[in-house]
Amino acid sequence: MSSTSSLHQRSLHKPYSLLFHKSSTDGHSKPYTFSMLFNRTTLLLLLTLLIILGVFSPWIGDRSTFFSSPGSSRVSLEAKWRAYTLPEAVSYVAKNGSTVIVCAVSHPYLPFLNNWLISIVRQKHHEKVLVIAEDYATLYTVNGRWPGHAVLIPPAPDAQVAHKFGSQGFFNFTSRRPRHLLQILELGYSVMYNDVDMVWLADPFPYLKGKHDVYFMDDMSAVKPLDHPNVLPPPGKKGRTYICSCMIYMHPTPGAKLVMKKWIEELEAQPWSKAKKANDQPAFNWALNKTAGQVDLYLLPQAAFPTGGLYFKNQTWVEETKGKHVIIHNNYILGFEKKIKRFHDYNLWLVDDHASESPLGRLE
């Protein structure tokens, strides 16, 4: 026998025969055989392998998930939404058309956002909605429940003061609006802006007829004839019109872009101060007045788009125009609690009983 053969025999037979041979002095015991122990060992190994696969197989193929924690997942999502841009967001919400419905919201206004959304869901236009979050808490809340429908355009204003009407924080918050709208127009989309203290009672799009540059509603509470002209009203006592900046619809035309640029200029020319607590609406009216000869402007019908000073304070008019109301604005009143109570009184506060209709669900 060759030396190679001898080595092969020693390595396979002699050690195993010594290791697994039981002493013959144990009279009642049978010696262990190699084949018996091999079968038992194989069985134990197979069982162990099956247990390991059963426990860990869900993680195989996803090593990042295996080593991640809930905290790291949250941080990853927050980083994703921080990097989410306005062009990406607009493209996402307008994927089935060319119109975006925009609102700008800070965290204290989330209940109003939810109320507004329910009314839009009922008109089947909610997929067009893009929430411009004015703080990171709003960005994470909306996208956590309705991914892709909120974007934050840095820098974020001070969230603690942005909701107080007349404050510098409120001015900083609202003065960003024309820049956001102009950017959407520059991307080639039509855009509707709404304040979130509004409620849709019907579909507004049939009223946005034609190809005018800018559509808007009057903020005056004086009753107009049902067939009033759809032109910019004459200036009031302050030398300018009283159009509400709460509801604006625009096509991506040179005229609409001109109005937004002029609005930005007017805001920069009239900064907020303690003596003159500016807000965005007078600047919007100056922009309309100064571009009226160059831009195709369209005043929406008062019966369909009444200001809060008319709808909530002239019940005779409300009865006379019943069935014609489309979007109601809860203005001519200040304070969250007062606005909510008024909505309650007119059965327009929907979130208490219909939160399940909102894409955000019930917000606690």
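Quick caveat, the model's predicted, so the values are computed rather than measured. (Residues numbered from 1 in each chain as written. Predicted model: local features only at pLDDT ≥ 70, side-chain atom pairs only at ≥ 80, totals over all residues. Heavy atoms only, no water.)

**Let's talk about helix 11 (residues 254-269)**
Working step 1: Taking 1.5 Å per residue as the helical rise, helix 11 with its 16 residues ought to reach 22 Å, and the 22 Å between its terminal C-alpha atoms agrees with that figure.
Working step 2: Within the span of helix 11, buried status applies to Gly255, Ala256, Lys257, Val259, Met260, Trp263, Ile264, Glu266 and Leu267. (Helix = DSSP H or I, 4+ residues; strand = E, 2+ residues; numbered from the N terminus. Expected span 1.5 Å × (residues − 1). Buried < 20%, exposed > 50% of the residue type's maximum accessible area, 1.4 Å probe, protein only.)

**Overview of the pairing of strand 4 (residues 190-194)**
On a regular strand, one side chain projects to one face of the sheet and the next to the other, so that they alternate.
Working step 1: Counting buried positions over the five residues of strand 4 gives five, a clear majority of the element.
Working step 2: Both faces of strand 4 are covered, namely the face carrying Ser190, Met192 and Asn194 and the face carrying Val191 and Tyr193.
Working step 3: Strand direction decides the pairing type here: strand 1 (residues 99-105) and strand 4, joined by four bridges, are parallel. In the strand pairing of strand 4, Val100 is matched with Val191. (Pairing = 2+ DSSP bridges.)

**Regarding the environment of Trp81**
Working step 1: Following the sequence through the fold, Trp81 ends up in helix 5 (residues 70-82).
Working step 2: For the pair formed by Trp81 and Val151, sequence separation is 70 residues and the distance between their alpha carbons is 7.3 Å.
Working step 3: Beyond its immediate stretch of four places on either side in the chain, Trp81 contacts Leu139, Asn143, Pro147 and Gly148. (Contact = heavy atoms within 4.5 Å.)

**Considering the sheet that holds strand 2 (residues 129-133)**
Working step 1: On the basis of which strands lie adjacent, the open sheet formed by seven strands has the order 3-2-1-4-7-6-8 and mixed pairing. The sheet is open, and its two borders are formed by strand 3 (150-151) and strand 8 (297-299), each paired with just one other strand.
Working step 2: The sheet contact formed by strand 6 (residues 214-218) and strand 7 (residues 243-250) spans five bridges and is antiparallel. The residue bridging Tyr215 from the neighbouring strand is Tyr249, located in strand 7.
Working step 3: Sheet strands touched by helix 6 (residues 86-93): strand 1, strand 2 and strand 3. Its angle to strand 2, the strand with the most contacts, is close to 155 degrees.
Working step 4: Sheet strands touched by helix 7 (residues 110-121): strand 1, strand 2 and strand 4. Its angle to strand 1, the strand with the most contacts, is close to 160 degrees. (Axes fitted to C-alpha atoms, helices over the stretch in contact; angles between N-to-C directions.)

**Things to note about the packing of aromatic side chains**
Working step 1: One pass over the full model with this rule turns up 16 aromatic pairs.
Working step 2: Their ring planes at 75 degrees and their centres at 5.1 Å tell us that Trp81 and Tyr84 sit as a pair that is edge-to-face. For the pair Trp81 and Tyr84, one class covers both residues: buried.
Working step 3: A connected cluster of aromatic rings, assembled from ring pairs, spans Tyr109, Phe112, Phe336, Phe343 and Trp349.
Working step 4: Above the face of the Tyr242 ring, Arg240 is positioned so that its terminal group lies 5.1 Å from the ring centre. (Phe/Tyr/Trp six-rings, centres within 6.5 Å; stacked < 30°, edge-to-face > 60°. Lys NZ or Arg CZ within 6 Å of the ring centre and 35° of its normal.)

**Here we look at the pattern of salt bridges**
Working step 1: If you walk through the whole model with that rule in mind, you get ten salt bridges.
Working step 2: Between Lys224 and Asp218 there is a salt bridge whose closest N-O contact spans 3.0 Å.
Working step 3: Under the relative-accessibility criterion, Lys224 is labelled partly exposed at 22%. (Salt bridge = Lys/Arg side-chain N within 4 Å of Asp/Glu carboxyl O.)

**Let's talk about the state of the cysteines**
Each disulfide is one covalent bond, formed between the sulfur atoms of two cysteines.
Working step 1: Following the criterion strictly, the structure yields one disulfide and no others.
Working step 2: In this model Cys244 forms its disulfide with Cys246; the gap between the sulfur atoms is 2.3 Å. Judged by the sign of its S-S torsion, about 140 degrees, the cystine formed by Cys244 and Cys246 is right-handed.
Working step 3: Judged by its relative accessible area of 1%, Cys246 falls in the buried class. (Disulfide = S-S within 2.5 Å.)

**Examining the confidence of the model for the protein**
Low pLDDT means the predicted atomic positions in that stretch should not be read closely.
Working step 1: On average, residues of the protein score 82 in pLDDT, and 74% of them are at 70 or above.
Working step 2: A low-confidence stretch, residues 1-34 stays under pLDDT 50, and its non-local contacts, those more than four residues away or across chains, total twelve contacts.
Working step 3: Counting interchain partners and residues more than four positions distant, the pLDDT-below-50 stretch residues 55-69 has five contacts. (pLDDT = per-residue confidence, 0-100.)

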